[in-house]
Amino acid sequence: MSHPSPRNPPLRVGIVGGGLAGLSTAAHLLLTAPGDFDVEVLEAAPFAGGQCASWRDARGRPLETGIHLAFPWYHNLAALASAIGHPLPLRETDGNYYVCNGATGRIDTLLAGKSVLKTLGGLATFPGLTPGERWQLARLIGRILRMDDAAAEAHDGATVAEFLAAQGASPALARQLGLAAVTIQGLRPEEAGATSFLKFLRTMYGSTGRFDTAFFGAPLGDALVAPLVAFIRARGGRVQLGQPVAGIEAGADGPAVRRPDGTRRPFDHLVAAVPGHALPALLPAACRDQPPFAALGGLRETPIVTLTLWYDRKVFADGNVYISNRDRRHGPLFDAVADKADHWRDWPGLNHPGSILQVLVDAADDVAGLADEVLVARAVADLERFFPGCRGVRPADATVLRLTGTYCGTRPGYWSRVPRTPGSGLPGLWLAGDYTTGPYHYGMESAVRSGKEVANRLLALRGRPEHPVLRPRYLPFVRA
Ligand SMILES: Cc1cc2nc3c(=O)[nH]c(=O)nc-3n(C[C@H](O)[C@H](O)[C@H](O)COP(=O)(O)OP(=O)(O)OC[C@H]3O[C@@H](n4cnc5c(N)ncnc54)[C@H](O)[C@@H]3O)c2cc1C
């Protein structure tokens, strides 16, 4: 007579942080082997999603942390959304970059996109540059595309401004390229690390995808976060909101979390999915000085201010994301602005008759302390300057969100500080988060990929197949 083999009890997996990295870890575990894992996500905020969260205000209107774009190489993000049955509602842009030029008051168009020819054309017609500077730009991009990851990381000690100066970039070229640092890294070129800048440019110019740079056709909470939470719960996982973790313990007897009331919850495995710069403070003092945690103490956030301006009528002609070359002398205040009403127009229940302008102010350390009315007045003045539809029209309502302690600045030294493996070196403690992974600059894709990598390690412990980790599709001449 045969007996069924005794089934291993499910592994208890605690996940601290319900941002994209934490939710990705949980979803990837439960996609493959729900019976093998008892998954619990502990999220401090009253909603999941972290930096990708959106919520409703007192009047039921959606608010987001700020404009999010999906780039063509976001294969792991797209695959996860499809796997849980909610393909991303992406609205493809034309791939171009529209730059509100503070010095001239005009909007410059940088041609870019899926077609390599279009992007090359963009380099050849880059606004504000002489033919000689355009040639210099093309050669510089060529050099960046021939850098592999290690070569890009050799510049980790330099700022974007120092890197461009060392490359002999003219002041005009350095000014134009430096705007990528503000919009992508949330830092000014003299503060932003060169390596993230290089990683972003080589992936942007050197890879292809099924879609062009895209924005989301719904608030991120609706498009991505709520479906992930629903999926995790439907597969037996728990997502606990408003449950801050006061401390993480990782001793020989396994990991545990400490709650603010002093109670201790042990797990078989614990995934720290909080921002890297916030992790050391959660650990016992003895661990903080050990690698990889000691280096994380050197990471610092960069503050962001997001204004949402509600208009009763349409003030923007399209849904493009407009960025700016925000320099301190010429303004404008904002780094990016887009009409979310345009992006969300096909999402059920969100058909706002006017515009909903989301105005993102990166590297906001110098303005975050201004009063709400002052920020709104400055943003409105900027919008009037660049967008004819905004002239003489006041927003009916405005909200101001100050994001501090959240978005990590990729300053010089960032890439030598962040760990490249999900293992923490402590038994049963794993690391997930946008800072732990990615051949490219961090962001949503890195967060999803980091969760997938942690899940793969835990799946392997149970002899389960791993999820394929998808890489950017580099063009043949790019050193991948
Ligand atoms: C305004 C803005 C615009 C952005 N634009 C883009 C973009 O265009 N494209 C792109 O790819 N990326 C963009 N990003 C970055 C992207 O949102 C992040 O890279 C990604 O969401 C990070 O996910 P994460 O899970 O690693 O971290 P987080 O989202 O920071 O999640 C960490 C979670 O941990 C929770 N937590 C922290 N401490 C504790 C604790 N003690 N106990 C319990 N929970 C805790 C936090 O509340 C949070 O929910 C943007 C970010 C911001 C803020």
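These numbers come from a predicted model, not from an experiment. (Residues numbered from 1 in each chain as written. Predicted model: local features only at pLDDT ≥ 70, side-chain atom pairs only at ≥ 80, totals over all residues.)

A. How the structure looks around the site of the ligand. For the ligand, the set of nearby residues contains 38 residues, the closest of which are G17, G19, G50, G66 and G443. Looking at side-chain class alone, the shell around the ligand contains 22 nonpolar, 13 polar and three charged residues. When residues of the shell around the ligand are assigned to domains, at least three fall in each of domain 1 (11–57 + 219–300 + 410–474) and domain 3 (304–403). (Near = placed C-beta within 6 Å. Nonpolar A, V, L, I, M, F, W, Y, C, P; charged D, E, K, R; others polar. Domains from an automatic or database assignment.)

B. Region of interest: the sheet that holds strand β5 (residues 69–70). Here three strands make up an open sheet; going across it, the order is β5-β10-β6 and the pairing antiparallel. Two strands in the sheet have a free side with no partner beyond their single neighbour: β5 and β6 (90–92). As judged from the three bridges shared by β6 and strand β10 (residues 214–216), these two strands associate in the antiparallel manner. Paired with E92 across the strands is A214, a residue of β10. (Pairing = 2+ DSSP bridges. Helix = DSSP H or I, 4+ residues; strand = E, 2+ residues; numbered from the N terminus.)

C. Focus on the domain arrangement of the protein. Segmenting the protein into domains produces domain 1 (11–57 + 219–300 + 410–474), domain 2 (115–208) and domain 3 (304–403). With centres defined by C-alpha atoms, the gap from domain 1 to domain 3 works out at 32 Å.

D. Spatial organisation of the packing of helix α7 (residues 171–185) against helix α8 (residues 194–206). Between α7 and α8, whose axes approach to 10 Å, the crossing angle comes to 95 degrees. Looking at the two axes, α7 sits roughly perpendicular to α8. Note on element contacts: α8 touches α7 through S196, F197, F200 and L201, opposite A180, A181, I184 and Q185. Residues of the contact of α7 with α8, tallied by class, amount to six nonpolar, two polar and no charged. (Axes fitted to C-alpha atoms, helices over the stretch in contact; angles between N-to-C directions. Parallel < 35°, antiparallel > 145°, perpendicular 65-115°, else oblique. Contact = placed C-beta atoms within 7 Å.)

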